[in-house]
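A closer look at the structure
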Amino acid sequence: MPDSSKTCLKHATVEPCGLAHAEVLAGVHARCFAKPWDAKAMRTLLASPGAFGFLAAVGALPTGLILCRVGADECEILTLAVVGPARRNGIGAGLLDAALRGAWARDARRMFLEVGARNRAARHLYVSRGFRQIGRRRNYYRVPDAPAEDALVFCLQREETA
């Protein structure tokens, strides 16, 4: 019987991840962010109540991740990353879709996230899934040798079915 928690994309698989994946997650995060989270941070996050995530891979090569946390009836995407060479192949969409299913299965009614104002591809992905911008945090992202960047706050309200 197939594993229903595993999603197969055209070029990648998306599977749930946990504490055992902390080193791999940290490696992917380091390839995507100027201020990456290390394995200890990944373990701490994944051990926290309501935390869940997914890891994408092309063959045996980890290519993306999404980490979320549900509290009460809200879910927050804490990080979503796809390594440069694997971008624009549906991996981010597959990760986001898996996280949405995971959040709704945990009885979340809303999902929130923050994204850099200059990250047009990510903003397009979120809007394509129904997210709406609800706020802006001025000069939120700060990395060495780069101008500060605003964070845009997005929210998706779960649609109710009769």
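Up top is the structure these notes are about.
Residues numbered from 1 in each chain as written. Predicted model: local features only at pLDDT ≥ 70, side-chain atom pairs only at ≥ 80, totals over all residues. Heavy atoms only, no water.

Focus on the overall build of the chain
When its secondary structure is counted, the chain shows four helices and eight strands. At 15 Å, the chain has a C-alpha radius of gyration in line with the 15 Å of a compact globule built from 162 residues. Here the C-alpha coordinates of the chain stretch approximately 50 × 40 × 30 Å along the principal axes. Scored against the burial criterion, the 162 residues of the chain give a buried share of 41%. For the chain, the share of sequence-separated contacts (at least 6 apart) that also reach a separation of at least 24 residues comes to 55%. When the accessible area of the chain is evaluated, it comes to approximately 9300 Å², of which 51% is carbon and sulfur surface. Mean positive and mean negative side-chain charge positions of the chain (23 and 15 charges, respectively) differ by 5 Å. (Helix = DSSP H or I, 4+ residues; strand = E, 2+ residues; numbered from the N terminus. Rg over C-alpha atoms; globule rule 2.2 N^0.38 Å. Buried < 20%, exposed > 50% of the residue type's maximum accessible area, 1.4 Å probe, protein only. Contact = heavy atoms within 4.5 Å. Areas by Shrake-Rupley, 256 points an atom, 1.4 Å probe, with all protein chains shown as cover. Lys, Arg positive; Asp, Glu negative; His and termini not counted. Charge placed at Lys NZ, Arg CZ, Asp CG, Glu CD.)

A closer look at the side chain of His29
Mapping His29 onto the fold places it in helix α1 (residues 22–32). A polar atom in the side chain of His29 sits 3.0 Å from the side chain of Thr79. If near-sequence neighbours (up to four positions away) are discounted, His29 is found in contact with Lys35, Pro36, Trp37, Met42, Leu65 and Thr79. (Polar contact = N/O pair within 3.5 Å; in protein donor to acceptor, adjacent residues only side chain to side chain.)

A closer look at the state of the cysteines
Tallying each qualifying case throughout the model produces zero disulfides. The thiol of Cys32 is unpaired, and the distance to the nearest cysteine sulfur, on Cys17, comes to 14 Å. Here Cys68 is not disulfide-linked; the sulfur of Cys75 is the nearest cysteine sulfur, at 4.5 Å. (Disulfide = S-S within 2.5 Å.)

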